[in-house]
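Residues per chain, in single letters:
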Amino acid sequence: MIPFFKKNMVRFFSVPFKFYLFVFILFLLNFRTQAQEIIGSGAWFSSELKYKATKKLALNFNQQIREIINPLQVGTLQLEAGVDYDLLKHLSLSAYYRFDLKPDIYAADVMQYRVYFDAGVDHKFKKKFTIDFRLRFQKQFQITKFPNKYLRPKLTFKFKLNKKYSLYTDGELFYNISYLGNQFDNLRWETGIKWDWKHGITWKAFYLFGRSFNVAPNGYQHIGGITFGKDW
């Protein structure tokens with residue numbers, strides 16, 4: 001067990017030092033925001049399970065716990081299921097249903113659910129560098145509010161270090177098309193490292209910075225997270 005652990009730690013720390021330095025500097029710069037501007041920061045822990053039903057069709061079952069540290073409170077449990085379909089070689093379509101459960105059992109909006117649909121395209125350069133673009137339409141429902149509808153474009157850059165490790169960074173915008181008015185009101189930037197372990201198992205560690213605007217409350221998010229994945 002110890003030789004196995006030591007071997008994989010050596011692999012992990014062989015990732016270019018400049019990447020870690022870059023992420024650390026961005027992390028420090030983002031924390032220059034005032035404390036009262038920070039909303040919902042914390043840690044996200046996820047699992048993503050995928051079953052390849054056919055060559056083109058995959059079934060997905062995902063779970064996420066979003067713990068909130070600032071302000072300190074119990075987080076949200078999210079459960080979702082969906083399908084991915086590879087329409088063409090570089091074009092995929094997805095449909096998902098998500099259920100959210102909040103910790104406050106006395107709140108009227110303790111339960112929410114969401115449906116969303118994705119269209120994604122990707123392009124690979126020289127085997128190691130990939131660009132993905134995804135456009136999402138989502139509709140969210142809760143008891144005390146009218147449904148919210150969003151368009152969410154997302155651009156992702158991936159760089160494959162070797163057979164096991166890859167780095168990525170992405171940016172996402174939220175465009176509100178509900179009754180509240182057509183406007184952008186949120187953005188997210190995420191960067192992380194993915195480890196393709198073995199037997200279809202993957203691990204991902206990431207840092208996410210979020211910024212809400214044109215809505216109340218306005219503020220920033222600083223999120224650290226770990227995701228476990230398994231493909232069959």
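Residues numbered from 1 in each chain as written. Predicted model: local features only at pLDDT ≥ 70, side-chain atom pairs only at ≥ 80, totals over all residues. Heavy atoms only, no water.

A.B. asks: Looking at this structure, I do not really get the overall build of the protein. What am I missing?
C.D. replies: The secondary structure content of the protein amounts to two helices and 11 strands. Starting at the N terminus and walking to the C terminus, you meet the elements of the protein as α-α-β-β-β-β-β-β-β-β-β-β-β. Within the protein, the fraction of its 232 residues that count as buried is 36%. Within the protein, counting contacts between residues at least 6 apart in sequence, those at least 24 apart form 45% of the total. Total accessible area computed for the protein in this model is approximately 14500 Å², and 68% of it derives from carbon and sulfur atoms. (Helix = DSSP H or I, 4+ residues; strand = E, 2+ residues; numbered from the N terminus. Buried < 20%, exposed > 50% of the residue type's maximum accessible area, 1.4 Å probe, protein only. Contact = heavy atoms within 4.5 Å. Areas by Shrake-Rupley, 256 points an atom, 1.4 Å probe, with all protein chains shown as cover.)

A.B. asks: Is there a simple way to explain the pattern of salt bridges in this structure?
C.D. replies: Should the charged atoms of two oppositely charged side chains come close, the side chains can pair. Summed over all chains, the structure comprises eight salt bridges. Taking the shortest distance from any N to any O, the salt bridge between Glu-172 and Arg-134 comes out at 2.6 Å. Here Glu-172, found in strand E8 (residues 165-176), pairs with Arg-134, found in strand E6 (residues 129-142); they are 38 residues apart in sequence, far enough to count as distant. A salt bridge links Arg-152 to Glu-172; the nearest nitrogen and oxygen atoms lie 2.8 Å apart. (Salt bridge = Lys/Arg side-chain N within 4 Å of Asp/Glu carboxyl O.)

A.B. asks: Sorry if this is basic, but what is going on with the sheet that holds strand E10 (residues 201-212) here?
C.D. replies: Picture the strands of a sheet paired through backbone hydrogen bonds; they go either parallel or antiparallel. Pairing in this closed barrel of 11 strands is mixed, and the strands run E1-E2-E3-E4-E5-E6-E7-E8-E9-E10-E11 around the ring. Within the sheet, the average angular offset between the axes of one strand and its neighbour, ignoring direction, is 20 degrees. (Pairing = 2+ DSSP bridges. Axes fitted to C-alpha atoms, helices over the stretch in contact; angles between N-to-C directions.)

A.B. asks: What's the story with the side chain of Arg-188 in this structure? I'm lost.
C.D. replies: Along the chain, Arg-188 falls in strand E9 (residues 183-196). Here Arg-188 occupies a buried position and makes no salt bridge, while the nearest side chain of opposite charge, Glu-172, is found at 4.6 Å. When neighbours within four sequence positions are excluded, Arg-188 is seen to be in contact with Trp-44, Arg-66, Arg-152, Asp-170, Gly-171, Glu-172, Phe-174, Leu-208, Phe-209 and Gly-210. (Lys, Arg positive; Asp, Glu negative; His and termini not counted.)

A.B. asks: Explanation requested: the pairing of E9 in the structure shown.
C.D. replies: Both faces of the sheet carry side chains from a regular strand, because those side chains alternate between them. Note that E8 and E9 share 12 bridges and pair antiparallel. Paired with Phe-174 across the bridge in E9 is Asn-186. As defined by bridge partners, E9 adjoins E10 across 11 bridges and the pair is classed as antiparallel. Paired with Leu-187 across the bridge in E10 is Arg-211. Hairpin connection, E9 to E10: the antiparallel pair is bridged by four residues, and His-199 has positive phi, about 55 degrees.

A.B. asks: Got a minute to help me understand the packing of aromatic side chains in this structure?
C.D. replies: Two descriptors summarise a pair of aromatic rings, namely the distance from one centre to the other and the angle between the planes of the rings. With the rule as written, the count across this model stands at 12 aromatic pairs. Seen in terms of ring centroids, Tyr-96 and Tyr-116 are 5.2 Å apart; in terms of plane orientation they differ by 5 degrees. Their pairing is stacked. With Tyr-96 in strand E4 (residues 91-101) and Tyr-116 in strand E5 (residues 111-125), this pair connects stretches of sequence that are 20 residues apart. The same class applies to Tyr-96 and to Tyr-116, which are both buried. Summarising the aromatic geometry, the rings of Tyr-150 and Phe-174 are spaced 6.1 Å apart at their centres and angled 80 degrees between planes, so their arrangement reads as edge-to-face. (Phe/Tyr/Trp six-rings, centres within 6.5 Å; stacked < 30°, edge-to-face > 60°.)

A.B. asks: Looking at this structure, I do not really get the pairing of strand E3 (residues 73-88). What am I missing?
C.D. replies: Pairing of strand E2 (residues 57-70) with E3, which is carried by 11 bridges, proceeds in the antiparallel orientation. Its bridge partner being in E3, Ala-58 is matched across the sheet by Asp-84. Following E3, the chain reverses through two residues before pairing antiparallel with E4.

A.B. asks: Could you clarify how one ought to interpret the side chain of Glu-172 in this entry?
C.D. replies: Overall, the relative accessible area of 6% leaves Glu-172 in the buried class. A polar side-chain atom of Glu-172 sits 2.6 Å from a polar atom in the side chain of Arg-134. Leaving out residues up to four positions away in the same chain, Glu-172 has contacts with Arg-134, Arg-152, Pro-153, Lys-154, Asn-186, Leu-187 and Arg-188. (Polar contact = N/O pair within 3.5 Å; in protein donor to acceptor, adjacent residues only side chain to side chain.)

A.B. asks: Could you clarify how one ought to interpret the environment of Gln-64 in this entry?
C.D. replies: Among the structural elements, Gln-64 can be located in strand E2. Look at Gln-64 and you get buried, because its relative accessible area is 13%. As a C-alpha pair, Gln-64 and Leu-79 span 15 residues in sequence and 6.7 Å in three-dimensional space. Not counting residues up to four positions away in its chain, the partners in contact with Gln-64 are Trp-44, Phe-45, Ser-46, Thr-76, Leu-77 and Gln-78. In this structure the side chain of Gln-64 is engaged in a polar contact, spanning 2.5 Å, whose partner is the side chain of Arg-66.

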